[in-house]
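# Observations on the three-dimensional arrangement
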Amino acid sequence: YEGFKISLGMLGIPFDKQNVAFGDYRFHSGRQAIRQLLRQNPSITAVFVSSDEMALGAISEAARMGIKIPDELSIIGYDNVKLAEMSIPALTTVGQPLFEMGYKSVEMLFDLIEQSKQAETIVRKGKTVYVPHQIVERESVTWVK
């Protein structure tokens, strides 16, 4: 959320809390969130959703409301779960290399365990590891070129 606000500021786009809805990353909360967003700002044309499951809920609810995806509203998710390509329309999403993320996490855990064997006290520092991601283009977004 904070990163979203910072990114908007860096692009010179004013933050408006009317353009944000929260959920629990599940299908049902995606349905609720899209209703809330459209109530707060009926002129929105695109939505970025923080999980594919929630995005699929948003697509489902938008369809129930008679909104055509992507002609009237573009929706992009985040995760690239298998179900994303099975929806109608197929969900455009941000793909994460989940296997690589899990592998790196286990490596970091083993390093921490090894360090604890070698020293009486472990200094715990936050470590950030960046992994590549990609936008998986499918059918739920109209791209402006």
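The structure presented is a predicted model; accordingly, all values stated were derived computationally and were not measured.

Here is what the cut-offs are and how they apply
Residues numbered from 1 in each chain as written. Predicted model: local features only at pLDDT ≥ 70, side-chain atom pairs only at ≥ 80, totals over all residues. Heavy atoms only, no water. Core = buried A, V, L, I, M, F, W, Y, C linked by side-chain atoms within 4.5 Å. Buried < 20%, exposed > 50% of the residue type's maximum accessible area, 1.4 Å probe, protein only. Helix = DSSP H or I, 4+ residues; strand = E, 2+ residues; numbered from the N terminus. Contact = heavy atoms within 4.5 Å. Pairing = 2+ DSSP bridges. Axes fitted to C-alpha atoms, helices over the stretch in contact; angles between N-to-C directions.

## Here's the deal with the nonpolar core
Of all hydrophobic cores here, the largest spans 20 residues; its most connected members are V47, L73, I75 and L91. Every element with two or more residues in this core is listed here: α2 (27-40) and α3 (52-64). For this core, the element with the highest residue contribution is α3, accounting for 6 residues. When sequence neighbours within four positions are dropped, the list of residues in contact with L73 reads I34, I44, T45, A46, V47, I67, K68 and S140.

## Overview of the sheet that holds strand β2 (residues 74-79)
Here we have 4 strands laid out as an open sheet, ordered β1-β2-β3-β4, and mixed in their pairing. The open sheet has two edge strands, β1 (46-48) and β4 (134-136), and neither has a second partner. Shown here is a sheet whose adjacent strand axes are inclined to one another by a mean of 20°, direction ignored. Of the pairings in the sheet, the one linking strand β3 (residues 92-95) to β4 comprises 3 bridges and is antiparallel in character. Bridge pairing in β4 places V94 opposite I135.

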